[in-house]
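Tertiary structure, described
Spelled out from the first residue to the last, the chains are:
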Amino acid sequence: MNAMTETGLRVLSYSEAIREAMAIAMENDPTVILMGEDIGVYGGAFQVTLDLVDRFGPDRVMDTPISELGGAGVAVGAALTGLKPIYEFQFSDFAMLAMEQIVNQAAKLRYMLGGEASVPVVFRLPAGSGTGAAAQHSQSIEAWFGHVPGLKVLQPATPEDAKGMLLSALADPDPVMIFEHKLLYKMKGHVPEGSYLTPIGKALVRRSGTDLTIVAGSIMVHRALEAAERLAAEGISAEVIDLRSIRPIDAETILASVRKTGRLMVVYEGVKAFGVGAEISAMVAESDAFDHLDAPILRLGAADAPVPYNPDLERAAVPQVETIEAAARRLARREV
Amino acid sequence: MPVEVILPKVDMDMSHGKLATWHVAEGETVAKGAPLFDIETDKAAMEVESPASGRLLSVTAQPGDMVAVGTVVALIYAEGETVAETPIQTTAAPEPEAPVAKTVEPVPTATAHPAAIPQADPAVAPGLRATPAARAAARASGITLEEVPGTGPRGRIQRDDVAAFLAHRVEAPALASPGAGAWSAQPGPLHVSSRKGTGVPLVLIHGFTADSQSWAPLEKALGADRPLIRIDLPGHGRSPRRRLGSFAELARMVVEALDDVTRGHDKVDLLGHSLGGALALAAADIRARRIRSLALIAPAGLGPEIDAQALTGITRATRAESLAPWLRRLTATPDGISDDYARAAMRLRADPALRAFQAELAEILFPDGVQPFDLRPALSRLEIPTAILWGRSDHILPWRQALSITGDFALHLLADAGHVPQLECPDRVARILVRHLLM
């Protein structure tokens, strides 16, 4: 990131980038409103909406009661009437309280009403572990929503994508869930000025390589990139793909990479079983890229346990740079 | 889980091995590291050690069976471990479709598959481990996977293995002619393999980063009757890595190996290439009476100059792409080395410890990119028939070094050959050896 600063490009933090996206959208489109618990004067649990109530007023930046089901329900209803609400969950874990509205209402209404209605709601969900917030505030449940037709599920890994994805989500006529990683909020990076759209459903090759493919999302992209950098010193060339979108998933980019490298590893913060890695592994196994596989597919996910509160255990429970590096090395050295 | 006993690959171009004897009977217990069974390949006989301690069960290969490399031939159960009903899909009972590749002789070539892939692929033996990429590569090139030695975990055949197999097949087609004597290994500090025949044995010493397998094309050109003895230098081929401080120490080690192998013979002919040439020269100087004739191909030790970049490049390369350009410097023209060849060569250099050892050895033998050892005096002292063969397009060692030496030797300058004429034009090299020496 320092390199970017030195080049004179504009640098913002991930949370500043999200805030800027919301401000731009609200300035350009009077139907965009913000809803959520303590997002007004307090600025939100992670201070992402800080000061927006001062700029746009309490009618458009609305504090909702501590009822996720109620808040999400109002947001879905508002979207049906033509508004474009952005509903913030304090923690993505609390989306479970609003499942009915997200899964049964927002995701299904376009289908059930024959395409005559749409629900252009955006849900923002601070996700992931690493903050010592324990089992009920540290989960990575994005894969749950990958299972629901009608939703779009995004995971920005950089400030630039965080802004571009939010603007794309607002431009999308259907419900979009954006899982923001809590540890990334302070991460700084280049963010272009003005309005731009990051395509939904398009993965990005963040590092090109030939020996193996690492598909990762959110903060795991950065860990995978660091592992790849370390492995490069040993002559191992890892390709790192930033998944960016879980639903829709960019099969083309992943399959092309597997055809090239013949070795695939998927790294994600959700529990390993029944997760993003399972979907990607099966997708590759079912495709023509199968014939290019030269080793078993590896998945690195979280331990089969709730995220522990103990900091050492919390760290050990999810993939870290060292675990990614070790697994990738074994895969590249044909030890798997 | 029981530990699988796998027929190992003990020779570079080995696809099958004959299980000669079991040292442990089925049902008996065996200790890890104890001799378990003997295998014979077309080149060598080897004792295989037990991979684990426990009871030997589910033996699927009997003495005399030809077995594909990587095949599970038995299982070893730890003390108290429950024995599965049918751990592998075969039992001792002689079933007609016993799945282990029992007697399938290696089909040499020309079993090209039709473009359409049959439902049940007859190229793939049940239980054979191969990655999808290896299977696809085998289908595309019309070979059966049973022929291909697997180097992956648990003997799994990987894409590289198929590439190496194909490269090697191109390099040395139909290597084992029926009449050819089998290679056998001799005990000693260095790996020495010999092949029986009639006449005076020819001892072969390979060059830096090569191994005794690199003589295959020349061996073929020389014919199957000649008795051959090949020495693997330390940290090369199948010789163990041994710490060395100087060229002199290496030469002493080679002379000791030579003493061992010549014990049963009155005299031997000696042939060395590059570093092996310098070592052959040193050995002939010390053991003049045991050597009938000496042939040196692009020998080291006749001048200080050497292409140090290529040495460093080859020893440091971790991938076929970075190895290939340096390999291409070995031959007269770069097109002598295909990508497949480079991949096969890299596969043989896959072990980081081997690369590290050879890189260190390069630094010891050729400090600062110079040949510090001078064998010109040795050459001028020789009284046995001696020939030097040198490619005129050698990019590693300059052939002009041969012009400044005094001594009674024949110099053959080979047009269109680089640093490895024995690989580039083996027939021509063989012809010169036969015509000008007493070989």
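**Thoughts on the overall build of chain B**
Counting its regular elements, chain B contains twelve helices and 16 strands. Taking all 439 residues of chain B together, 52% fall into the buried category. In chain B, the share of contacts with a sequence separation of at least 24, taken over all contacts with a separation of at least 6, comes to 67%. For chain B, the computed accessible surface area is about 19,200 Å², with 53% contributed by carbon and sulfur atoms.

**Some remarks on the side chain of R124 of chain A**
All names here are of chain A. Relative to the assigned elements, R124 resides in strand β5 (residues 122-127). Polar side-chain contacts of R124 include one of 2.8 Å to the side chain of E88. Beyond its immediate chain neighbours, meaning those up to four positions away, R124 contacts I18, M22, V48, T49, I86, Y87, E88, F89, L166, I178, E180 and Y185.

**Regarding the interface of chain A and chain B**
Tallying the contact residues gives 18 residues for chain A and 13 residues for chain B. Summed over both sides, the interface of chain A with chain B buries roughly 1,100 Å², with 38% coming from carbon and sulfur. Among the residues chain A hides against chain B, the three largest losses belong to D291, D294 and R334 of chain A. Together they make up 46% of the total. Across the chain A-chain B interface, the total number found is three salt bridges.

**Some words on the packing of helix α2 (residues 14-28) of chain A against helix α8 (residues 159-171) of chain A**
All names here are of chain A. At a minimum axis distance of 8 Å, the contact between α2 and α8 shows a crossing angle of 30°. Our classification of the angle between α2 and α8 gives roughly parallel. Handedness of the α2/α8 crossing: right-handed. Across the interface between the two elements, Y14, A17, I18, E20, A21, M22, I24 and A25 of α2 pack against P159, A162, K163, L166, L167 and L170 of α8. Here the contact of α2 with α8 is composed, by residue class, of twelve nonpolar, no polar and two charged.

**Quick word on the nonpolar core**
Of all hydrophobic cores here, the largest spans 87 residues; its most connected members are F247 and L275 of chain B. Among the elements that take part in this core, helix α4 (residues 247-262) of chain B stands out by supplying nine residues, more than any other.

**Structural notes on the sheet that holds strand β6 (residues 152-154) of chain A**
Residues and elements named next belong to chain A. In spatial order, the strands read β3-β2-β4-β5-β7-β6-β12; together these seven strands make up an open sheet with mixed pairing. With partners counted over all chains shown, the strands left at the sheet margins are β3 (61-63) and β12 (245-247), one partner each. Here the average twist between neighbouring strands, direction ignored, is 20°. Bridge analysis of β5 against strand β7 (residues 176-181) gives six bridges, and the strand direction is parallel.

**A few points about the confidence of the model for chain B**
Here chain B averages 81 in pLDDT, while 84% of its residues score no lower than 70. Counting contacts from residues 171-180 of chain B, a segment whose pLDDT is below 50, to residues more than four positions away or on other chains yields eight contacts.

**Here we look at the environment of G130 of chain A**
Residue and element names in this part refer to chain A. Among the secondary structure elements, G130 is positioned in the loop between β5 and α7 (142-146). In this structure G130 comes out as partly exposed when scored by relative accessible area, which is 42%. It is 6.7 Å that separates the C-alpha atoms of G130 and E314, two residues lying 184 residues apart in sequence. With residues near it in sequence (within four places) discarded, G130 still touches L183 and E314.

**A look at the pattern of salt bridges**
Pairs can form between side chains of opposite charge whenever their charged atoms are close. Using the criterion set out here, one finds 39 salt bridges over all chains in the structure. Residues D161 of chain A and R244 of chain A are paired through a salt bridge, measuring 3.1 Å at the closest nitrogen-oxygen approach. One end of the pair, D161 of chain A, is in helix α8; the other, R244 of chain A, is in the loop between β11 (238-242) and β12, with 83 residues separating them in the sequence. Classification of R244 of chain A as buried rests on a relative accessible area of 7%. A salt bridge links R319 of chain B to E321 of chain B; the shortest N-O distance between them is 3.5 Å. In the salt-bridge network here, residues are joined through shared partners; they are E226, R230, E234, E325, R329 and R333 of chain A.

**Thoughts on the domain arrangement of chain B**
Residues and elements named next belong to chain B. In terms of domains, chain B is made up of domain 1 (3-77), domain 2 (132-171) and domain 3 (183-436). Once you take the C-alpha centre of each, domain 1 and domain 2 turn out to be 22 Å apart. Summing the contributions of domain 1 and of domain 2, the shared interface buries around 680 Å²; its carbon and sulfur component is 65%. Taken together, domain 1 and domain 2 are joined by zero salt bridges. Put simply, domain 1 and domain 2 have zero residue pairs in polar contact (both at pLDDT 80 or more) between them. A class-by-class count of the residues in the side of domain 1 that touches domain 2 yields five nonpolar, three polar and three charged.

**Re the sheet that holds strand β5 (residues 45-49) of chain B**
Residue and element names in this part refer to chain B. In space, the four strands of this open sheet follow the order β5-β4-β2-β7, with antiparallel pairing throughout. Bordering the open sheet on either side are β5 and β7 (66-68), each of which pairs with just one other strand. Pairwise comparison of adjacent strand axes, ignoring direction, gives a mean angle of 40° for this sheet. Alignment of strand β2 (residues 16-22) against β7, held across three bridges, turns out to be antiparallel. When the bridges of β7 are listed, G17 appears paired with V67.

**A short note on the packing of aromatic side chains**
Residue and element names in this part refer to chain B. Going through the model one piece at a time under the given rule, you end up with twelve aromatic pairs over all chains. Each ring, one from F208 and one from F366, has its centre 6.1 Å from the other, and the planes form 70°; the classification is edge-to-face. Within this pair, whereas F208 is found in the loop between β11 (202-205) and α3 (216-222), its partner F366 is found in the loop between α9 (352-365) and α10 (376-381), the two being separated by 158 residues in sequence. F366 carries the same exposure label as F208, and that label is buried.

**Examining empty space enclosed by the protein**
Residue and element names in this part refer to chain A. On inspection of all chains with the given rule, the structure shows four cavities of 30 Å³ or more. In this model, the largest cavity occupies a volume close to 120 Å³. Looking at the largest cavity, it is lined by 20 residues, and the ones nearest its centre are E142, Q155, G217, S218 and E269. Counting residues per element, the ones that place at least two in the lining of the largest cavity are β7, β10 (212-216), β13 (264-271) and α11 (276-286). No other element matches β13, which puts four residues into the lining of the largest cavity. Across the lining of the largest cavity, the residue classes break down as twelve nonpolar, five polar and three charged.

**Comments concerning the pairing of β7 of chain A**
Residue and element names in this part refer to chain A. Within β7, six of the six residues are buried, leaving the element largely enclosed by the surrounding structure. Burial along β7 is two-sided: the residues V176, I178 and E180 and M177, F179 and H181 are all buried. Two strands pair when backbone bridges link them, and β6 and β7 are joined in this way by three bridges, in the parallel orientation. Bridged to K152 within β7 is V176.

**Remarks on the domain arrangement of chain A**
Residue and element names in this part refer to chain A. For chain A, the assigned domains read domain 1 (10-190) and domain 2 (204-331). Domain 1 and domain 2 are separated by 26 Å when their C-alpha centres are compared. Contacts between the two partners involve 32 residues from domain 1 and, on the opposite side, 22 residues from domain 2. Buried surface at the junction of domain 1 and domain 2, summed over both partners, amounts to about 2,000 Å²; 56% is from carbon and sulfur atoms. Broken down residue by residue, the surface that domain 1 buries against domain 2 is led by S129, Q155 and A157, which jointly contribute 23%. One salt bridge connects D161 with R206, and the closest N-O pair in it is separated by 3.0 Å. On inspection of domain 1 and its partner domain 2, the count reaches 14 residue pairs in polar contact (both at pLDDT 80 or more). Broken down by secondary-structure element, the contributors of at least two residues to the side of domain 1 that touches domain 2 are α7, β6 and α8. For the side of domain 1 that touches domain 2, the element with the most residues is α7, which contributes four residues.

Reading the values: rules and limits
Residues numbered from 1 in each chain as written. Chains lettered and ligands numbered in written order. Predicted model: local features only at pLDDT ≥ 70, side-chain atom pairs only at ≥ 80, totals over all residues. Heavy atoms only, no water. Helix = DSSP H or I, 4+ residues; strand = E, 2+ residues; numbered from the N terminus. Buried < 20%, exposed > 50% of the residue type's maximum accessible area, 1.4 Å probe, protein only. Contact = heavy atoms within 4.5 Å. Areas by Shrake-Rupley, 256 points an atom, 1.4 Å probe, with all protein chains shown as cover. Polar contact = N/O pair within 3.5 Å; in protein donor to acceptor, adjacent residues only side chain to side chain. Buried area = accessible area lost by both parts, 1.4 Å probe. Salt bridge = Lys/Arg side-chain N within 4 Å of Asp/Glu carboxyl O. Axes fitted to C-alpha atoms, helices over the stretch in contact; angles between N-to-C directions. Parallel < 35°, antiparallel > 145°, perpendicular 65-115°, else oblique. Left-handed = near helix turned anticlockwise from the far one by under 90°. Nonpolar A, V, L, I, M, F, W, Y, C, P; charged D, E, K, R; others polar. Core = buried A, V, L, I, M, F, W, Y, C linked by side-chain atoms within 4.5 Å. Pairing = 2+ DSSP bridges. pLDDT = per-residue confidence, 0-100. Domains from an automatic or database assignment. Phe/Tyr/Trp six-rings, centres within 6.5 Å; stacked < 30°, edge-to-face > 60°. 1 Å grid on protein atoms, 1.4 Å probe; cavity = no way out; pocket = protein on both sides within 12 Å on 5 of 7 lines; lining within 4 Å. Points joined across faces, edges and corners; volume = space filled by probe spheres on them.

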